[in-house]
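Working through the structure, step by step
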Amino acid sequence: MATLRELRDRIRSVSSTKQITKAQEMIATSRITKAQQRVEAAAPYADELLRVVERLARESTLDNDMLRQREDAKVAAVLVVTSDRGMCGGYNNSVLKKATALSKLLRDKGYEVDYYVAGDKGINYYRFRDIPVVATWSGFSQEPTWESTSGLIGHLVRGFQAGSEETVTHPNDKSAEVRGFDQLHVVYTEFVSMLEQKPRVQQVLPLEPVFDDDDDIDAGLKTADEDSDGASANYEFEPDAQTLLDELLPKYVARSLFSMFLEASAAESASRRTAMKNATDNASELVEDLGREANQARQAQITQEISEIVGGAGALAGSGESD
C-alpha cells in the first residue's frame, strides 16, 4: 500500500497534469471557432468558382486532362493529411489506417502508389516504418493559410498535369526531380460536428465530370442563371469557354484542396478538445480516488498514533503501580 507522502505526491502530479489538459481543452475550443469561421469565409469564393466552372463546362467540349481518366494510368498519388502535434486522440491513427487501406486497394487495381504527407505525425509514422514518401510538408495543420499551403497544392497540380511519364521539380529539393502521377487521392478528416470527425478519402484528380448531362446542368443552374421573371441569362465568353475552362480548372482544384486543409484543421481542434476534456475528467476522478485513499491512509496513521499513545500511557501507568 502506498504511503501518505506518496499519495500526496501523486495528487500534486495529477492535479498539475489536469491544469495542462484543461488549458489545452480551452485553447482547442477557441481554435474550433476560428477554423469554422475560416471555412465559412472561404465558402462564397468556392461557390462562385464552382458556378462559373459549371457554366463554362456547359459551353465547352469538356476536353481537359483534369476531367478525363487516362487509359495508361499507372501511378496514383496519395496525400495524407495529419496533424503537427499530438494530444488529439485517435485523429491521426484513423487517417493513417484509411490511407493504408486506400493504398492496398490501389495496388490491387494495378497502380503504383506515391505517398505525399502533410503533418509531423504522419511524417514520423512513415519514417519510423521505412515507408518511402515522395515529399513532406508541416507547420500549418492547425492554422492553414493559402501562403503556407500553396507550395504543396501547386506541386500536386503540376504533378498530375505532367503525368507519370514526365517529371517535375521536387518540392523539397529544387535540384532534384520526381515523377508525376495519373491520379490524386486525399485522405483527410472531415469536420462533421464538435463531437464527430470522420476520416475521408476523396479522389481530387481527375475530377469526376458532373456537368456532362445537359438536363442536370439546367436543373442545377436554373436558380442562379434565371432572373426573377424566369428569363434565362445569356453569357458571352472572352476568350472562348474552352480556354477559360482550361485556366480555371487548376484554380478550382487548388481551392478544393485548400478547403480540405481547412476542414482538417477544424477536425483536429475538435478531436483535441474531446481528448483533452476526457483527460481532464479522468484526472479529476483520479484525484478524488487518490484523495479518498489518502484520507484512509491518514486515518489509519492517526489511529495507529492514538493506539501507540494509549499503549504508552498504559505501560507508564502499569510501571507506576508496580513501584
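Residues numbered from 1 in each chain as written. Predicted model: local features only at pLDDT ≥ 70, side-chain atom pairs only at ≥ 80, totals over all residues. Heavy atoms only, no water.

- Looking up the protein in an unreviewed UniProt entry gives the name ATP synthase gamma chain, with the organism given as Corynebacterium otitidis ATCC 51513.
- A UniProt comment under Sequence similarities (unreviewed entry) is attached to the protein, and it reads "Belongs to the ATPase gamma chain family." (UniProt positions renumbered as here; feature names shortened; annotations may be inferred.)

**As for the environment of Asp72**
- By the element assignment, Asp72 lies in the loop between α1 (4-59) and β1 (75-81).
- For Asp72, a relative accessible area of 55% puts it in the exposed group.
- Residues Asp72 and Glu165, spaced 93 residues apart in sequence, show a C-alpha to C-alpha distance of 9.9 Å. (Helix = DSSP H or I, 4+ residues; strand = E, 2+ residues; numbered from the N terminus. Buried < 20%, exposed > 50% of the residue type's maximum accessible area, 1.4 Å probe, protein only.)

**Here we look at the packing of helix α2 (residues 91-108) against helix α3 (residues 120-128)**
- At their nearest, the axes of α2 and α3 sit 11 Å apart, and the two run at 50° to each other. One finds that α2 runs oblique with respect to α3. Considering the relative orientation of α2 and α3, their crossing is right-handed. Of α3, the residues touching α2 (which contributes Asn92, Leu96, Ala99 and Thr100) are Lys121, Gly122, Tyr125 and Tyr126. (Axes fitted to C-alpha atoms, helices over the stretch in contact; angles between N-to-C directions. Parallel < 35°, antiparallel > 145°, perpendicular 65-115°, else oblique. Left-handed = near helix turned anticlockwise from the far one by under 90°. Contact = heavy atoms within 4.5 Å.)

**A few points about the nonpolar core**
- Leu152 and Leu257 are the most contacted members of the largest nonpolar core, which has 47 residues in total.
- Of all elements in the fold, only α1, β1, β2 (112-118), β3 (135-137), α4 (146-162), β6 (183-191), β7 (197-205) and α6 (241-322) reach the threshold of two or more residues within this core.
- In contact with Leu257, not counting residues within four places along its chain, are Ile153, Leu156, Leu184, Val186 and Val204.
- Formed by 16 residues, the second largest nonpolar core is a distinct cluster that contains Ala73, Val78, Val95 and Val117. (Core = buried A, V, L, I, M, F, W, Y, C linked by side-chain atoms within 4.5 Å.)

**What to know about the environment of Asn172**
- Within the secondary structure, Asn172 is located in the loop between β4 (167-169) and β5 (177-179).
- If sequence neighbours within four positions are ignored, Asn172 has contacts with Ala135, Thr136 and Trp137.

**Looking at α2**
- Its 18 residues place the ends of α2 27 Å apart at the C-alpha level, agreeing with the 26 Å of an ideal helix rising 1.5 Å per residue.
- If you check which residues of α2 are buried, you get Tyr91, Asn92, Val95, Leu96, Ala99, Leu102, Ser103 and Leu106. The buried residues of α2 all sit within an arc of 125° when viewed along its axis, so they share a single face. Exposed and oriented more than 90 degrees from the buried face of α2 are Lys97, Lys104 and Asp108.
- Looking one or two residues beyond α2, the residue adopting positive phi is Gly110, at roughly 100°. (Expected span 1.5 Å × (residues − 1). Arc of directions from axis to C-beta.)

**Concerning unusual backbone geometry**
- The omega torsion across Leu205 and Pro206 is -5°, close enough to zero to call that bond cis.
- When you line up the elements, Pro206 lands in the loop between β7 and α5 (214-225).
- Positive phi, close to 60°, is recorded for Met87, a residue that is not glycine.
- You can see Met87 is positioned in the loop between β1 and α2.
- The class for Met87 is partly exposed, based on a relative accessible area of 41%.
- Backbone geometry places Asp130, a non-glycine residue, at a positive phi of 55°.
- Examined against the element boundaries, Asp130 turns out to sit in the loop between α3 and β3.

**A short note on the pairing of β6**
- Among the nine residues of β6, eight are classified as buried, and the element is accordingly described as predominantly covered.
- One ladder, built from five bridges, connects β1 with β6; its direction is parallel. Opposite Val80, over in β6, you have Val187 as the bridge partner.
- Bridge count for β6 against β7 is eight bridges, and the pairing is antiparallel. The residue bridging Glu190 from the neighbouring strand is Lys198, located in β7. (Pairing = 2+ DSSP bridges.)

**Some thoughts on the sheet that holds β7**
- Spatially, five strands are ordered β3-β2-β1-β6-β7 in an open sheet, and the strand pairing comes out mixed. Only two strands of the sheet have a single neighbouring strand rather than two, namely β3 and β7. Taken pair by pair, the neighbouring strands of this sheet meet at an average axis angle of 20°, ignoring direction.
- Of the strands in this sheet, β1, β2 and β3 are in contact with α3, which crosses β2 at around 135°.

**Points about α4**
- Taking 1.5 Å of rise per residue, the 17 residues of α4 would be expected to cover 24 Å, and the 23 Å separating its terminal C-alpha atoms lies within 8% of that figure.
- At Leu152, α4 shows its maximal bend, which comes to roughly 25°.
- Of all the positions in α4, only Thr149, Leu152, Ile153, Gly154, His155, Leu156, Val157, Gly159 and Phe160 are classed as buried.
- Looking one or two places after α4, you find Gly163, whose phi comes out positive at around 80°. (Bend = angle between axes of the 7 residues up to and from the residue.)

**Observations regarding the side chain of Ser164**
- As for its placement among the helices and strands, Ser164 is situated in the loop between α4 and β4.
- Owing to a relative accessible area of 11%, Ser164 belongs among the buried residues under this scheme.
- Here Asp182 takes part through its side chain, which lies 2.8 Å from a polar atom of the side chain of Ser164.
- Those residues in contact with Ser164, other than ones at most four positions away along the chain, are Lys74, Val75, Arg179, Gly180, Phe181 and Asp182. (Polar contact = N/O pair within 3.5 Å; in protein donor to acceptor, adjacent residues only side chain to side chain.)

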